[in-house]
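Close look at the chain arrangement
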Amino acid sequence: MLGVALSGGGAKGAAHVGALLELEKMGIKFDIVVGTSIGALVGAGYAILGNSNLLYEYALRLQKAPFIKKAPSSRKIPSILTCIGANLLPSALPSFLYFYILKRVFKDVTFEDLKIKFYCTAVKMDSGDLVIFREGPLFPALKASMAMPGAFRPFKINGSKYIDGGTLEKLPILTAKKVGADKIIALKLLSKKIKYEEVKNASQAFDRMDTIRENIYDNLTEKFANVLIELPTEDFNTLDFTQTEALIDTGRKAVLERKEEILEKIS
């Protein structure tokens, strides 16, 4: 069973679309799709459509939606307001705005409706467990998987609160193995890593701690992927959803550069 693991990374997730386009052009068909956070959204779209070209068309259409242009990116939010929002409000960003399209598209869809087996993850707040969603209504599972701490409030399902699956597993390689994939292509959205000497304030210190945690986890898990494709999205903003075409192109190029290696390793 061939699986694809899609990492989190906010708006950078459009690069996953480009990568899937090129992988499909190579004749690669996935039996299992696993995603977390934005990777869950892209993965669900791919699984319900069963076709990366259709996913590409939807992604471009979504970029032109009026509410996408109005949604604030982290570059446009003054740091003082971000600080106030993170400390005094349940969430720093308006979840109703960001999840509006999600609800419209996936409201009545179940996991059982999908054309490709799909799984997504979220962290259960009371136990700290990484939960794998695989059946029932799709929308609540996606919203839980994308509930980025601080940015969006935790999402409640059956009395339990959940946060972004990327909190524990940003690139769900081990989850892909757990659900039955014996060969895995992992797509990893890259972010700028802050270095120790660059730390000047508390916010940057937390970023540095997060970088250390991610590096440790990546070193333990990435070896289980047959192919790890790093999508060079460091220069894109996590909350800027207006760069879809450029991100798709970035994903396509990253896959094309390694075409022969990919085909060799999964054959």
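To start, this report covers the structure provided alongside it. (Residues numbered from 1 in each chain as written. Predicted model: local features only at pLDDT ≥ 70, side-chain atom pairs only at ≥ 80, totals over all residues. Heavy atoms only, no water.)

From N to C terminus, the chain includes twelve helices and eight strands. Counting all 267 residues of the chain, 49% fall into the buried class. Contacts spanning at least 24 positions in sequence make up 76% of the contacts within the chain whose residues lie at least 6 apart. Accessible surface for the chain amounts to roughly 13600 Å². Of this, 54% is attributable to carbon and sulfur atoms. (Helix = DSSP H or I, 4+ residues; strand = E, 2+ residues; numbered from the N terminus. Buried < 20%, exposed > 50% of the residue type's maximum accessible area, 1.4 Å probe, protein only. Contact = heavy atoms within 4.5 Å. Areas by Shrake-Rupley, 256 points an atom, 1.4 Å probe, with all protein chains shown as cover.)

The interhelical angle for the contact between helix H1 (residues 14-25) and helix H11 (residues 244-256), taken along N-to-C directions, is 40 degrees, at an axis separation of 6 Å. By the criterion of interaxial angle, the relationship of H1 to H11 is oblique. Relative to H11, the crossing made by H1 is right-handed. Residues Ala 14, Ala 15, Val 17, Gly 18, Ala 19, Leu 21, Glu 22, Leu 23 and Lys 25 of H1 form the contact with H11, whose own contacting residues are Thr 244, Leu 247, Ile 248, Gly 251, Arg 252, Val 255 and Leu 256. Per-class residue counts for the contact of H1 with H11 are ten nonpolar, three polar and three charged. (Axes fitted to C-alpha atoms, helices over the stretch in contact; angles between N-to-C directions. Parallel < 35°, antiparallel > 145°, perpendicular 65-115°, else oblique. Left-handed = near helix turned anticlockwise from the far one by under 90°. Nonpolar A, V, L, I, M, F, W, Y, C, P; charged D, E, K, R; others polar.)

Membership of the largest hydrophobic core comes to 55 residues, with the highest contact counts inside it found for Phe 118, Ile 185 and Leu 187. The residues contacting Phe 118, other than those within four sequence positions of it, are Val 33, Gly 35, Ala 40, Gly 43, Ala 44, Ala 47, Phe 111, Phe 133, Arg 134, Leu 138 and Leu 142. Val 34, Ile 132, Val 179 and Leu 228 belong to the second-largest nonpolar core, a separate cluster that totals 14 residues. (Core = buried A, V, L, I, M, F, W, Y, C linked by side-chain atoms within 4.5 Å.)

Right, let's talk about the pattern of salt bridges for a bit. Pairing between side chains of opposite charge can happen when their charged atoms approach one another. Tallied over the entire structure, the rule returns nine salt bridges. One salt bridge in this structure joins Arg 258 and Glu 261, with 2.8 Å as the shortest N-O distance. Under the relative-accessibility criterion, Arg 258 is labelled partly exposed at 23%. Looking at Glu 261, the relative accessible area reads 28%, which means it is partly exposed. Several salt bridges converge on common partners, so that one network encompasses Glu 22, Lys 25 and Arg 252. (Salt bridge = Lys/Arg side-chain N within 4 Å of Asp/Glu carboxyl O.)

Running from N to C, helix H2 (residues 38-49) and helix H8 (residues 138-145) point in directions that differ by 150 degrees, and their axes come no closer than 8 Å. The orientation of H2 with respect to H8, classified from their angle, is roughly antiparallel. You can see that H2 and H8 cross each other, and the crossing is left-handed. Within the contact between the two elements, H2 uses Ala 40, Leu 41 and Ala 44 and H8 uses Leu 138, Leu 142 and Ser 145. Grouping the constituent residues of the contact of H2 with H8 by class yields five nonpolar, one polar and no charged.

Let's shift gears to helix H3 (residues 52-63). In a regular helix each residue adds 1.5 Å, so twelve residues correspond to 16 Å; H3 covers 17 Å between its end C-alpha atoms and thus fits that length. Along H3, the positions that sit buried rather than exposed are Ser 52, Leu 55, Ala 59, Leu 60 and Gln 63. The buried residues of H3 occupy one face: seen down the axis, they fall within an arc of 135 degrees. A side-chain oxygen of the first residue of H3 lies 2.7 Å from the backbone nitrogen of Asn 53; this N-cap is Asn 51. (Expected span 1.5 Å × (residues − 1). Arc of directions from axis to C-beta. Polar contact = N/O pair within 3.5 Å; in protein donor to acceptor, adjacent residues only side chain to side chain.)

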